[in-house]
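Overview (structure and organization)
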Amino acid sequence: MTKTTTKPKAAALPLNQILAGDCIEVMRSLPEASVDLIFADPPYNLQLKGELHRPDNSRVDAVDDAWDQFSSFAAYDRFTRDWLDAARRLLKPNGAIWVIGSYHNVFRLGAELQNQGFWILNDVVWRKSNPMPNFRGKRLTNAHETLIWASKSEAAKYTFNYEALKALNEGVQMRSDWVLPICTGHEREKDAAGDKAHPTQKPESLLHRVIVGTTNPGDVVLDPFFGTGTTGAVAKMLGREFIGIEREAAYREVAERRLARVRKFDREALEITGSKRAEPRVPFGQVVERGMLRPGEELFSIGSRFKAKVRADGTLVGNDVKGSIHQVGAHLEGAPSCNGWTYWHFKREGKMIPIDILRQQIRAEMEADTARPN
C-alpha cells in the first residue's frame, strides 16, 4: 500500500512511497548517493500560445497546465540546473539517469547534463507508432521523443543488461530507435470525471524497456516528476524499489490508486538473461581435475569430423596439434577462432554430449556455494 508523506526523513530512504512537494526540495532532503537509477520526465516548456483546435474546430486537450509554464528560457534553464544538481547528488557512484523530452526542451537538458559532469551513454529515439497529428498542418507531425541515458560520471560502472535487451528484441542487438505506441485505451489513467488524468502519461512498455535494461531486481528507481506513477508501477512489477516525487495532489491520488492495483511478478519471472561474460570463468582443466573427463578420453567435433584426446593438464592433442580446446578446434577447422566448449563433445551411452554441459554443472555448483549462508 503506497502512501503520501510530506516530510521524508533524511536518515532513511522512503522506499515505495510518493513524496509530496517540490522535487528539488524533496531530493535535497534525501540521503546522498542512495539511488541506483533516476527516470525523469520534466516539464516540456511547450510555450503554447492560445488554444489548439482540430480541423473540425474541436479543442485539443494539450499540455497547458501551470506546471509547464515558465516565464523564459532562462527560468527553465535555472530549473533544469537545480533539479539535475539535486538528482546527481542522489545517485550512487555507479548510478545512471534517463531523461525524456521533446524538441522543445531535450537539447537544453542534454547540455545541462554535460555541464554537470554526467556522461552521456546513448540518446534514444522513441518513435511513436500512433502519434498525434499536426492539426494546423504547418509543421511535420511530431512523431518521436528523445531519451538521454547518462551515467553519473565517465568512470561509472553503470548497469547494462545487454543480453536481456537483446532477448526483448528477438535475439537481435537492441538499437537506439524504439518503436512503441503512445499511452492509449485501457492503460490511460482517468480522473474522477472519466477524463485522462495526465496529458503526457508515458506507456508502460517504455519504462519496462528502460528498467529491464538498466537496473537489477532490488535496485532503487527514483522519478522526480512522478505524475500518475508509470515508473513506480513498472518498477513494482519488476521487483525494483521506487521513490516518486509529485507536487500535484490530483496526480498523486491517481498514482496511489494505480499502485494499489499493481502486483509484483513472481521471482522466477523476474530473472533476466545475463551476460555470458558475467558468468564465473571455468577453465577446461577444472573439468579434468574433477574427473568429469579423464586423461586419454576422446572428444569429437560437431558431426564427428575430427577427434582429439584429453591430456592431464587440460589441453588436447589431435592430428599432431596440441593446445587448448579452442586452439585445437580452430586449427582443425582452419578457422581464426573456435568456441571449444560448444565445438567438442564426449560420448556417453552412445550419445554425443557437448562439454559445455560439464561447465554449466560446475557453474551451478559455484552459484549454490555462493548463495549458501556461512
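Everything here concerns the structure above.
Note that the structure is predicted; figures quoted are calculated from it, not measured.

Things to note about the packing of helix α5 (residues 204-214) against helix α6 (residues 230-237)
The N-to-C vectors of α5 and α6 enclose an angle of 55°; their axes lie 9 Å apart at closest approach. Classified by the angle their axes make, α5 and α6 are oblique. Seen from above, α5 lies across α6 with right-handed handedness. From α5, Glu204, Leu207, His208 and Ile211 reach across to α6, where they touch Thr230, Thr231, Ala233, Val234, Ala235 and Met237. By residue class, the composition of the contact of α5 with α6 is six nonpolar, three polar and one charged.

A word on helix α3 (residues 106-115)
Looking only at α3, the buried set comprises Val106, Leu109, Gly110, Glu112 and Leu113. End-on, the buried residues of α3 take up no more than an arc of 165°, which puts them together on one face. Projecting away from the buried face of α3 at angles above 90 degrees are the exposed residues Phe107, Gln114 and Asn115. Of the surrounding elements, those touching the buried residues of α3 are α2 (73-90), β4 (91-101), β5 (119-128) and β6 (144-151).

Quick notes on the packing of aromatic side chains
Tallying each qualifying case throughout the model produces eleven aromatic pairs. When the centroid spacing of 5.2 Å and the interplanar angle of 85° are considered together, the rings of Trp83 and Phe225 count as edge-to-face. Linking Trp83 in helix α2 with Phe225 in the loop between β8 (220-223) and α6, this pair joins segments that are 142 residues apart in sequence. Residue classification places Phe225 among the buried positions, given a relative accessible area of 15%. The interplanar angle of 70° and the centroid separation of 5.9 Å between the aromatic rings of Phe284 and Trp341 together place this pair among those described as edge-to-face. In this pair, Phe284 sits in helix α9 (residues 284-289) while Trp341 sits in helix α11 (residues 340-343), placing the two residues 57 residues apart along the sequence. The exposure class of Phe284 is buried, given its relative accessible area of 6%.

Some remarks on the nonpolar core
Counting residues in hydrophobic clusters, the biggest one holds 33 residues, and the most contacted among them are Phe39, Trp98, Leu147, Trp178, Leu206 and Val210. A total of five residues in this core trace back to one element, the largest contributor, which is α5. When near neighbours in sequence (up to four residues on either side) are disregarded, Phe39 contacts Trp98, Ile100, Leu147, Leu207, Val210, Leu222, Asp223, Pro224 and Thr231. With 30 residues, the next largest nonpolar core counts Trp83, Ala86, Leu90 and Val99 among its residues.

Points about the pattern of salt bridges
Under the criterion given, the structure shown has 15 salt bridges. Close ionic contact of Glu297 with Arg348 constitutes a salt bridge, the shortest N to O distance being 2.7 Å. Here the residue Glu297 occupies a position in the loop between α9 and β10 (298-300), and Arg348 occupies one in strand β14 (residues 345-348), the gap between them amounting to 51 residues. Here Glu297 falls in the buried class, since its relative accessible area comes to 18%. One salt bridge connects Arg305 with Glu333, and the closest N-O pair in it is separated by 3.1 Å. With a gap of 28 residues between them, Arg305 in the loop between β10 and β11 (307-310) and Glu333 in helix α10 (residues 325-333) connect regions that are remote in the sequence. On the accessibility criterion, Glu333 (31% relative accessible area) is partly exposed. Salt bridges sharing common partners tie together Glu189, Glu204, Arg258 and Arg261.

A closer look at α5
In an α-helix there are 3.6 residues to a turn, and that puts residues three or four apart on one side. Extensive coverage of α5 is indicated by the burial of eight of its eleven residues. Turning to α5, its buried residues are Leu206, Leu207, Arg209, Val210, Ile211, Val212, Gly213 and Thr214.

Some remarks on the packing of α2 against α3
Running from N to C, α2 and α3 cross one another at 45°; their axes reach a closest spacing of 10 Å. The angle between α2 and α3 places the two elements in the oblique class. Considering the relative orientation of α2 and α3, their crossing is right-handed. Packed against α2, whose contacting residues are Phe73, Tyr76, Asp77, Thr80, Arg81, Trp83 and Leu84, the element α3 presents Arg108, Leu109, Glu112 and Leu113 at the interface. Across the contact of α2 with α3, the residue classes break down as six nonpolar, one polar and four charged.

A closer look at the pairing of β14
As paired strands, β14 and strand β15 (residues 351-354) are joined by four bridges and run antiparallel to one another. Looking at β15, one finds that His345 is bridged to Pro354. Joining the antiparallel neighbours β14 and β15 is a turn of two residues, in which Glu349 adopts a positive phi near 50°.

A closer look at unusual backbone geometry
Within the chain, Asn16 stands out as a residue other than glycine whose phi angle is a positive 55°. Here Asn16 lies in the loop between β1 (4-5) and β2 (17-20). With a relative accessible area of 28%, Asn16 lands in the partly exposed category. For Glu170, which is not glycine, the phi dihedral falls at a positive 60°.

Quick look at the environment of Leu90
Structurally, Leu90 can be placed in helix α2. You can call Leu90 buried: its relative accessible area is 0%. On a C-alpha basis, the gap between Leu90 and Val35 in space is 5.8 Å, while along the polypeptide they are 55 residues apart. The contacts of Leu90, once residues within four sequence positions are left out, are Met27, Leu30, Pro31, Glu32, Ala33, Ser34, Val35 and Leu222.

Rules used in this analysis
- Residues numbered from 1 in each chain as written.
- Predicted model: local features only at pLDDT ≥ 70, side-chain atom pairs only at ≥ 80, totals over all residues.
- Heavy atoms only, no water.
- Axes fitted to C-alpha atoms, helices over the stretch in contact; angles between N-to-C directions.
- Helix = DSSP H or I, 4+ residues; strand = E, 2+ residues; numbered from the N terminus.
- Parallel < 35°, antiparallel > 145°, perpendicular 65-115°, else oblique.
- Left-handed = near helix turned anticlockwise from the far one by under 90°.
- Contact = heavy atoms within 4.5 Å.
- Nonpolar A, V, L, I, M, F, W, Y, C, P; charged D, E, K, R; others polar.
- Buried < 20%, exposed > 50% of the residue type's maximum accessible area, 1.4 Å probe, protein only.
- Arc of directions from axis to C-beta.
- Phe/Tyr/Trp six-rings, centres within 6.5 Å; stacked < 30°, edge-to-face > 60°.
- Core = buried A, V, L, I, M, F, W, Y, C linked by side-chain atoms within 4.5 Å.
- Salt bridge = Lys/Arg side-chain N within 4 Å of Asp/Glu carboxyl O.
- Pairing = 2+ DSSP bridges.

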